[in-house]
Amino acid sequence: MSGIRHTRGKIVLFFIVTILATVCLTLAAIRIGGLDTTYGQLLRGLFIEYDKNVRIIFDIRLPRIVVALLGGALMAVSGLLMQAVMRNPLADPGIIGISSGSAFASVLVTALFPALSPILPIFSFIGGMVAFFLVYILAWDGQITPIRLILVGVAVNALFTGLYEAFNAMTGGSYSGAASIINANIQYKTWDDVRTLAIYAVVAAVLCVIIAGKCNLLALSNQTAHGLGVRVNRLRFLVSILFVLLASIFTAIIGTISFLGLIVPHIGRLLVGSDHKVLIPYSALLGAFIFLLADTIGRSIAYPYEVSASMIMAVIGGPVFIVLLKRSRDIYGS
Amino acid sequence: MEANTPVFRTAGLSYAYKNGPMAVRSLDLSIVPGKITAVVGANGSGKSTLFSLLTGYLKPDDGSIYLKGQDIRAVGRRDFARQVSVVNQYNTVPADMTVRKLISMGRTPYSRMYHYGLTPEDMEAIETAMEVTDTAQFAGRAVSSLSGGQRQRVWLAMALAQSMDTLLLDEITTYLDIHYQLELLHLLKNLNETRGTTIVVVLHDINQAMQFCDEAVVMHQGGLLAAGPVVDTITEDVLERAFQVGVHITAVDALPFCICSLK
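All values reported here derive from a predicted model rather than from experimental measurement.

S.K.: I keep staring at the overall build of chain A and nothing clicks. Help me out?
M.R.: The secondary structure content of chain A amounts to 13 helices and 0 strands. Starting at the N terminus and walking to the C terminus, you meet the elements of chain A as α-α-α-α-α-α-α-α-α-α-α-α-α. Reported as C-alpha extents along the three principal axes, the dimensions of chain A are approximately 65 × 55 × 35 Å. By residue count, 52% of the 334 residues in chain A fall in the buried class.

S.K.: Explain the environment of Leu112 of chain A here, please?
M.R.: Residues and elements named next belong to chain A. As for its placement among the helices and strands, Leu112 is situated in helix H4 (residues 98-112). What makes Leu112 exposed here is the crowd of 11 C-beta atoms within 10 Å. Sequence separation of Leu112 and Thr171 is 59 residues, and the distance between their C-alpha atoms is 9.3 Å.

S.K.: How do you make sense of the sheet that holds strand S9 (residues 215-220) of chain B when you look at a structure like this?
M.R.: The strands making up a sheet associate through backbone hydrogen bonding, with each pair oriented either parallel or antiparallel. Residue and element names in this part refer to chain B. Taken in spatial order, the 6 strands of this open sheet run S6-S7-S8-S3-S9-S10, and their pairing is mixed. The sheet terminates laterally at strand S6 (84-87) and strand S10 (223-229), the two strands that pair on one side only. Averaged over neighbouring strand pairs, the angle between their axes works out to 15° when direction is ignored. Direction of pairing for strand S3 (residues 36-41) relative to strand S8 (residues 198-202): parallel, over a ladder of 4 bridges. Across the sheet, the residue bridging to Thr37 is Val200, located in S8. Across the sheet, helix H1 (residues 47-55) lies against S3, S6, strand S7 (166-170), S8 and S9, angled at about 145° from S7, the strand it touches most. Docked against the sheet, helix H5 (residues 148-160) engages S6 and S7, running at close to 165° with respect to S6.

S.K.: Would you mind going over the environment of Leu203 of chain B with me for this structure?
M.R.: All names here are of chain B. Position of Leu203 among the secondary structure elements: in the loop between S8 and helix H7 (206-212). With 25 C-beta atoms packed within 10 Å, Leu203 lands in the buried category. If sequence neighbours within four positions are ignored, Leu203 has contacts with Ala38, Val40, Gln208 and Ala209.

S.K.: Looking at this structure, I do not really get the interface of chain B and chain A. What am I missing?
M.R.: How big an interface is tends to be expressed through the accessible area that disappears when the partners come together. Opposite the 25 residues of chain B that make contact, chain A presents 23 residues. Contributions of two or more residues to the side of chain B that touches chain A are made by helix H2 (77-83) and S6 of chain B. Of the residues forming the side of chain B that touches chain A, the biggest block, 4 residues, is contributed by H2 of chain B.

S.K.: What is the right way to read unusual backbone geometry from this model?
M.R.: Glycine aside, the phi torsion of most residues is negative, and most peptide linkages are trans. Residue and element names in this part refer to chain B. The residue Ser163 is not glycine, and still its phi comes out positive at about 50°. Assignment of secondary structure puts Ser163 in the loop between H5 and S7. At Glu171, a position not held by glycine, the phi torsion is positive, near 45°. Position of Glu171 among the secondary structure elements: in the loop between S7 and helix H6 (178-195).

S.K.: Is there a simple way to explain the pairing of S10 of chain B in this structure?
M.R.: It is a general feature of regular strands that their side chains alternate between the two faces of the sheet. Residues and elements named next belong to chain B. Alignment of S9 against S10, held across 6 bridges, turns out to be antiparallel. In the strand pairing of S10, Met219 is matched with Leu224. The hairpin formed by S9 and S10 contains 2 residues between the paired strands, and Gln221 there has a positive phi angle of roughly 50°.

S.K.: How should H4 of chain A be read in this particular structure?
M.R.: Structurally, the α-helix is built with 3.6 residues per turn, so residues lying three or four positions apart point the same way. Here H4 of chain A spans 21 Å end to end across 15 residues, near enough to the 21 Å set by a 1.5 Å rise per residue. When H4 of chain A is considered as a whole, its buried residues turn out to be Ile98, Ser99, Ser100, Gly101, Ser102, Ala103, Phe104, Ala105, Ser106, Val107, Val109 and Thr110 of chain A.

S.K.: Please clarify how the pairing of S6 of chain B should be interpreted in this entry.
M.R.: Residue and element names in this part refer to chain B. Residue alternation in S6 divides its side chains into two sets, Val84 and Val86 and Ser85 and Val87, and both sets are buried. As paired elements, S6 and S7 share 4 bridges and run parallel to each other. Across the sheet, the residue bridging to Val87 is Leu169, located in S7.

S.K.: Help me understand H1 of chain B, please; the structure alone is not making it clear to me.
M.R.: All names here are of chain B. Burial of H1 is extensive: 9 of the 9 residues sit out of reach of the surface. Listed as buried for H1 are Lys47, Ser48, Thr49, Leu50, Phe51, Ser52, Leu53, Leu54 and Thr55. Gly56 sits one or two positions beyond H1 and adopts a positive phi of about 85°.

S.K.: What should I look at first to understand the packing of H4 of chain A against helix H5 (residues 120-139) of chain A in this one?
M.R.: Residue and element names in this part refer to chain A. In contact at an axis separation of 7 Å, H4 and H5 are set at 140° when each is read in the N-to-C sense. Viewed along their axes, H4 and H5 adopt a mutual orientation that is oblique. With respect to the hand of their crossing, H4 and H5 are arranged in right-handed fashion. Contacts between H4 and H5 involve Ile98, Ser100, Gly101, Ser102, Phe104, Ala105, Ser106, Val109 and Thr110 on the former and, on the latter, Leu120, Phe123, Ser124, Ile126, Gly127, Gly128, Val130, Ala131 and Phe132. Across the contact of H4 with H5, the residue classes tally to 10 nonpolar, 8 polar and no charged.

S.K.: Sorry, what's going on with the sheet that holds strand S4 (residues 62-67) of chain B here?
M.R.: All names here are of chain B. Ordered in space as S2-S1-S4-S5, the 4 strands form an open sheet in which the pairing is antiparallel. Each having just a single partner strand, strand S2 (22-31) and strand S5 (70-71) make up the two edges of the open sheet. In this fold H1 packs onto strand S1 (8-16), S2 and S4, with an angle of close to 60° to the strand it touches most, S2.

S.K.: I would appreciate a short explanation of the packing of helix H1 (residues 8-31) of chain A against helix H12 (residues 276-300) of chain A in the present structure.
M.R.: Axes are the key here: two packed helices are described by the angle between their axes and the distance separating the axes. Residue and element names in this part refer to chain A. Packing of H1 against H12 leaves a shortest axis separation of 10 Å and a crossing angle of 25°. By the angle class used here, H1 and H12 are roughly parallel. For the element pair H1 and H12, the recorded crossing hand is left-handed. Of the residues in H12, those in contact with Ile11, Phe15, Thr18, Ile19, Ala21, Thr22, Leu25, Thr26 and Ala29 of H1 are Val278, Tyr282, Leu285, Leu286, Ala288, Phe289, Leu292, Leu293 and Thr296. Of the residues that constitute the contact of H1 with H12, the class distribution is 14 nonpolar, 4 polar and no charged.

Calculation notes
Residues numbered from 1 in each chain as written. Chains lettered and ligands numbered in written order. Predicted model: local features only at pLDDT ≥ 70, side-chain atom pairs only at ≥ 80, totals over all residues. Helix = DSSP H or I, 4+ residues; strand = E, 2+ residues; numbered from the N terminus. Buried ≥ 20, exposed ≤ 12 C-beta atoms within 10 Å, placed from the backbone. Pairing = 2+ DSSP bridges. Axes fitted to C-alpha atoms, helices over the stretch in contact; angles between N-to-C directions. Contact = placed C-beta atoms within 7 Å. Expected span 1.5 Å × (residues − 1). Parallel < 35°, antiparallel > 145°, perpendicular 65-115°, else oblique. Left-handed = near helix turned anticlockwise from the far one by under 90°. Nonpolar A, V, L, I, M, F, W, Y, C, P; charged D, E, K, R; others polar.

Here it is, written out as structure tokens:
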């Protein structure tokens with residue numbers, strides 16, 4: 001699978017490099033934009049005296065950056081868990097319809113019952129679970145092969161995408177909350193969004209710590225895992241709930257995005273190996289970095305216009321997906 | 001458990017795959033403790049289905065299976081895995097997983113909720129399993145980089161790390177060259193003699209079954225054709241009925257040897 005031998009030293013090195021890269025990118029992202037301030041001004045404005053520009057950056061740019069970091073981590077781990085459950089390297093919540101199922105539920109609630117917005121992730125989760133079961137049932141033929149999963153997933157994705165886009169068009173308004181879900185637009189995210197995302201992220205992190213060691217068992221055949229005393233179907237179901245939950249939270253707060261959950265775990269596996277106790281935290285870190293990078297590129301590449309992070313991910317992710325599809329037979333080992 | 005209580009006993013055991021014929025029908029069977037039992041039979045005779053039923057992977061349509069006198073429906077999965085290890089014919093493992101890591105997974109039935117870290121007992125069981133199977137020499141290598149025979153020894157080591165007293169193996173010599181086949185079978189024989197491990201092994205090679213096993217279960221069309229000590233069960237008459245071939249059993253260097261021909 002990879003030419004890198006995953007020694008403890010190299011794993012630690014990759015963690016340090018990625019943490020440093022994320023810190024540097026975050027610092028750069030704070031300064032990139034219409035309002036330019038020095039870091040000195042920024043620190044003074046935040047902690048010593050009121051500064052109008054710093055206040056604007058604090059209210060507009062910082063929540064967006066934190067949302068990108070948290071959201072990227074959630075989506076990357078969601079994709080990783082999905083690949084573990086389906087023992088399928090091409091699984092991604094954005095590609096096979098989980099995100100669009102969540103988005104459809106979110107769009108419905110946002111447009112019809114805006115008062116329910118604080119509990120939007122719950123409805124988003126229900127939509128994601130419906131899409132997941134639809135894909136699982138339709139793709140099941142004694143087993144689930146990568147190509148069958150992709151074909152069924154693309155069809156389910158198209159169905160829900162069509163539904164929520166049609167619904168959005170019927171309810172009008174391209175700047176509504178519903179539209180921001182569709183476009184994965186994080187331009188107008190607030191500290192309230194950060195708070196919601198952070199609460200779910202903490203819950204998800206605790207669940208991931210509990211489940212990480214068990215995920216390694218999913219890489220073995222069902223019979224082997226069963227022979228080790230594992231209730232395989234129950235474990236798959238629990239991990240499935242977790243990845244749908246992560247993808248749904250992302251969709252409810254940020255919107256739909258493809259390829260993020262696919263690419264990050266793959267890069268993670270190449271760099272730190274397939275042990276989920278290491279791969280889950282690393283994917284979270286790398287996901288945060290990549291999504292913030294995509295958002296930062298998107299808002300600076302054609303300034304003053306913005307290209308959404310989902311479009312940047314699609315442009316990068318499409319070709320990577322094709323390469324992975326061609327190599328899928330030897331990516332997950334023997 | 002009394003010393004002569006069968007490790008496994010089945011009563012009226014039946015199973016049919018969806019839209020298929022009965023793969024196992026009304027099977028009454030006992031596995032003697034402390035012995036090596038071969039399960040033999042033609043393709044489609046129900047050997048692998050019986051194996052999957054004994055491991056608990058398949059649930060019987062009818063009948064019961066008893067593990068040391070207790071109905072296995074009343075035995076928890078982890079309790080079962082602490083008593084019985086399973087080595088399957090087909091296995092998958094991530095390409096970069098090391099031998100030591102895979103063998104340590106054998107301690108899963110003893111793990112706690114968080115599944116982090118290994119206890120001194122875990123470490124001892126893993127070291128012993130590697131020593132017995134002679135796999136310590138490639139403990140740090142990726143399982144995927146090993147030869148077929150070496151890999152089977154690693155899977156066997158993982159099973160031994162479960163610290164159990166019964167071992168179920170499904171056609172583990174298939175696809176191995178004769179050297180690795182014999183190496184593996186000698187290893188099993190040694191385990192049985194030195195530790196008293198009860199071994200049930202699905203085998204295709206009749207000669208190996210006669211040479212390495214104490215007991216045999218001969219399957220035919222989902223039913224039991226013969227069961228008991230090898231000398232009484234693997235006979236010319238039984239084999240002719242089981243495989244629909246002509247059979248002549250002779251002795252070569254004091255070992256039984258089976259010569260088959262198409263009828």
